[in-house]
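# Architecture at a glance
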Amino acid sequence: MTDHSNKDGFKSNLGSILALAGSAVGLGNIWRFPYMVAENGGSAFILIYIIMVFAICVPAFMAEVAIGRNTGLNIFGAFRKLAPKGWWFQIGTLGILGSFVISSFYIVIGGWTLAFLARSIVGSFNGMNASDVSVLFANFVDTPIETSAWALGFVVISVAVLISGVAKGIERFNKILMPMLLGLMIIMAINSLFLSHFWEGMKFLFQPDFSHVNTHTVISALGQAFFSMSLGMGSIITYGSYMRKQDNIMKSTFSVATIGILISVLAGIIIFPAVFSFDIPAEAGDRLAFVTFPAIFQVMPGGYLFGIMFFMLLLVAAVTSNISLLEVIVAYLTQEYKMKRGIALAIVVAVLSVTGTLCAFSLSSDTSLIIGGRSLFDLFNYFSAAYLLPICGLLISIFVGWKWNKNSLKQEISSNGLYPVRYFPFFRFMLRFIIPIFIIFVFLYALGIM
Ligand code: PHE
């Protein structure tokens, strides 16, 4: 096993779990999950999503952590080390591409969050109802220079965390921000209990209705599970490479999966009772968090503070995930090209200021950045989750299941025999057969081949 004790890395088990959870829990859980639930017919979607998380994503997550920790390297270096021959290291290309694609639209939403936090603080939404906020949001998105500037502000916050490195930056901030996020969410969920239509929201969330379930639901749930567990693009491999040898991979994975589901469900508990109580169409789509909420806070007791709290928690969740996206590229550049962290970050910022700006501009009304009927922003959002991540996840599963030596894998997962790995055969079986077959099946179906 490689010894990288003198390398910058996570210094405690709790630190690594919170960092992994910080990566996983993000806009995916609080912004994306509720509108996916709304679009896909409510709780049946949640059930399928939870099955996907445990059956498909938990083994895939353990596999990524194991690759990272075993090699102690970035996504390219890791595959090159484990399989010096062949083309497996090209998974790294997909990963780097994935992190740029995702962060390009992610920072735009991060920018909206920042802007809406500022607007909540100065009281710009005062006296507005949902249709006023909807107009405000539409006008806001239609001023791409402003939204790009906010996106850049969001990037600057992420860089400010990353510049201090892994232990002093990523780990330290996650240890502060993740408990804060959970605390804010619990306060807001408790507040939901007192809304007039609490039970209606709960029914929508928890009473399964399978009449809406079709292949699209399954693809969306799979994509959502991959996206929300940060799989299939190297974030987990990279964070895994910073973990200590004595940390328990299986336990950490289950903790992250559970925290992720808990936060997604909490987001649902915060959002849907409010949606029903204030008569807002639940299918407001990806605008749900930005249009619905500011309006609700106007009529909710204590709404001023809750408004600030909501955008604050969204910001925290977004920053802790975005840094894990960018760290994939930073680790790659610093390790493979021996760049300084500062230089690597400067390159990342330079690329993102172009690609993020393009995403922001693709949402303006006179844009020409529409491809196949979708704005660049939507394209990046949809295709990264629905295609890029599962395809990359498929390759990683095949690699770990078929190519990587079984004993080395077992040694890594058990921390050299330190922890029992009772489920190992099941876990490896999932990686070898079920995950690849399932993902291929879903794609063939999606492409109309089956
Ligand atoms: N998991 C993050 C979220 O839910 C998004 C993300 C995807 C982060 C892939 C890193 C890698 O918001």
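Residues numbered from 1 in each chain as written. Predicted model: local features only at pLDDT ≥ 70, side-chain atom pairs only at ≥ 80, totals over all residues. Heavy atoms only, no water.

### Digging into the overall build of the protein chain
Counted only if it meets this: Only DSSP runs of H or I covering at least 4 residues are called helices, and only runs of E covering at least 2 are called strands; the numbering of each starts at the N terminus. C-alpha atoms define the radius of gyration in this analysis, and the globule rule sets the expected value at 2.2 Å times the number of residues to the power 0.38. Each residue is placed in one exposure class: buried if its accessible area under a 1.4 Å probe, protein chains only, is under 20% of its type's maximum, exposed if it is over 50%, and partly exposed if it falls in between. Pairs of residues are marked as contacts when any of their non-hydrogen atoms sit within 4.5 Å. For accessible areas, the Shrake-Rupley method is used with a probe of radius 1.4 Å. Any residue's cover is judged against the shown protein chains and nothing else. Think of it this way: Lys and Arg go in the positive column, Asp and Glu in the negative one, and His and the chain ends go nowhere. Note on charges: their place is set at NZ of Lys, CZ of Arg, CG of Asp or CD of Glu.
Summing up its helical and strand segments, the protein chain has 18 helices and two strands in all. In summary, the protein chain has a C-alpha radius of gyration of 21 Å against a globular reference of 22 Å for 450 residues, a match within 12%. If one aligns the C-alpha atoms of the protein chain with their principal axes, the spans along those axes are about 60 × 50 × 40 Å. Here the protein chain holds 450 residues, and the buried ones make up 60% of them. In the protein chain, once contacts between residues fewer than 6 apart in sequence are set aside, the share between residues at least 24 apart is 82%. Only carbon and sulfur atoms are counted for the fraction: they give 67% of the accessible area of the protein chain, which is about 16,900 Å². Positive and negative charge centroids in the protein chain, built from 26 and 19 side chains respectively, lie 18 Å apart.

### A closer look at the site of the ligand
Our working definition: In these notes, residues near a molecule or strand are those with any non-hydrogen atom within 4 Å of it. The term polar contact refers here to a pair of N or O atoms within 3.5 Å; inside protein, the definition further demands a hydrogen-donor-capable atom paired with an acceptor-capable atom, and it admits residues adjacent in sequence only when both atoms are side-chain atoms. Residue polarity follows a fixed list, in which Ala, Val, Leu, Ile, Met, Phe, Trp, Tyr, Cys and Pro are nonpolar, Asp, Glu, Lys and Arg are charged, and the others, Gly among them, are polar.
Near the ligand lie 15 residues; those nearest to it are A24, G28, Y106, F227 and S230. N29 has a polar side-chain atom sitting 3.4 Å from an oxygen atom of the ligand. Within the contact set of the ligand, an oxygen atom lies 2.5 Å away from a side-chain nitrogen or oxygen of Y106. Taken together, the elements giving at least two residues each to the shell around the ligand come down to α1 (13–24), α2 (27–39), α10 (215–228) and α14 (303–336). Considering only residue class, the shell around the ligand consists of six nonpolar, nine polar and no charged.

### A few points about the packing of α10 against helix α16 (residues 376–403)
Here is the rule: Every angle, taken between N-to-C directions, lies between 0 and 180 degrees, and every axis is a line fitted to C-alpha atoms, over only the stretch in contact when it is a helix. What sets the label is the angle itself: under 35 degrees gives roughly parallel, over 145 gives roughly antiparallel, 65 to 115 gives roughly perpendicular, and the rest give oblique.
One way to put it is that α10 packs onto α16 with a least axis distance of 8 Å and a crossing angle of 75°. Our classification of the angle between α10 and α16 gives roughly perpendicular. Contacts between α10 and α16 involve H216, I219, L222, G223, F226 and F227 from the first element and Y382, A385, A386, L389, P390 and G393 from the second. A class-by-class count of the residues in the contact of α10 with α16 yields nine nonpolar, three polar and no charged.

### Overview of unusual backbone geometry
Despite not being glycine, S230 shows a phi value in the positive range, around 60°. Mapping S230 onto the fold places it in the loop between α10 and α11 (235–240). Relative accessible area serves as the criterion here: at 9%, S230 is assigned to the buried category. Positive phi values are uncommon outside glycine, yet K338 reaches one of about 55°. Counting through the fold element by element, K338 comes out in the loop between α14 and α15 (341–361).

### Remarks on the pattern of salt bridges
Using the following cut-off: Criterion for a salt bridge: a side-chain nitrogen of Lys or Arg within 4 Å of a carboxyl oxygen of Asp or Glu.
This structure, assessed with the given rule, holds six salt bridges. We note a salt bridge from E146 to R119, for which the minimum N-O separation is 3.3 Å. With E146 in helix α7 (residues 144–162) and R119 in helix α5 (residues 91–122), the pair connects residues that are 27 residues apart, well separated along the chain. With a closest N to O distance of 3.7 Å, K245 and E412 form a salt bridge. Taken together, the residues K245 in the loop between α11 and α12 (249–277) and E412 in helix α17 (residues 406–413) connect sequence positions 167 residues apart. For E412, a relative accessible area of 0% corresponds to the buried category.

### Considerations on the side chain of S375
Looking at where S375 falls in the secondary structure, it is placed in strand β2 (residues 374–375). Note on S375: relative accessible area 6%, which makes it buried. Once you skip the residues sitting within four places of it in the chain, S375 turns out to touch S362, L363, L369 and I370.

### Here's the deal with the nonpolar core
Our working definition: Here, nonpolar core means buried Ala, Val, Leu, Ile, Met, Phe, Trp, Tyr and Cys residues that are tied together by side-chain atoms lying within 4.5 Å of each other.
Counting 167 residues, the largest nonpolar core has I30, W112, F290 and I413 as its most contacted members. The element contributing the most residues to this core is α14, with 21 residues. Not counting residues up to four positions away in its chain, the partners in contact with I413 are M62, A66, I249, M250, V421, F424 and F427.

### Focus on empty space enclosed by the protein
The condition that has to hold: Buried and open spaces are told apart on a 1 Å grid over the protein atoms alone, a cavity being a set of points where a 1.4 Å probe fits but cannot get out and a pocket being an open set with protein on both sides within 12 Å along at least five of seven lines. Residues with an atom within 4 Å of a point are the lining residues. Grid points are joined across faces, edges and corners, and a volume is the space filled by probe spheres set on the points.
Considering all chains together, one arrives at four cavities of 30 Å³ or more under this definition. Roughly 120 Å³ of internal volume is contained in the largest cavity. Lining the largest cavity are 17 residues; nearest its centre among them are S23, Y106, F227, S230 and L325. Contributing elements (two or more residues each) for the lining of the largest cavity: α1, α2, α5, α10 and α14. The dominant element in the lining of the largest cavity, judged by the number of residues it contributes, is α14, at three residues.

### Section: the packing of aromatic side chains
The geometry of two aromatic rings is summed up by the distance between their centres and the angle between their planes. Worth spelling out the cut-off: Pairing of aromatic side chains here covers Phe, Tyr and the six-membered ring of Trp, requires ring centres within 6.5 Å, and sorts the geometry by plane angle: under 30 degrees stacked, over 60 edge-to-face, intermediate tilted. Over a ring means this: the NZ of a Lys or the CZ of an Arg is within 6 Å of the ring centre and within 35 degrees of the ring normal.
Under the defined criterion, the tally for this structure stands at 36 aromatic pairs. When the ring centre of F89 is taken as reference, the NZ or CZ atom of R80 above it lies at 4.9 Å. In this structure, R374 packs its charged tip against the face of Y382, placed 4.2 Å from the ring centre.

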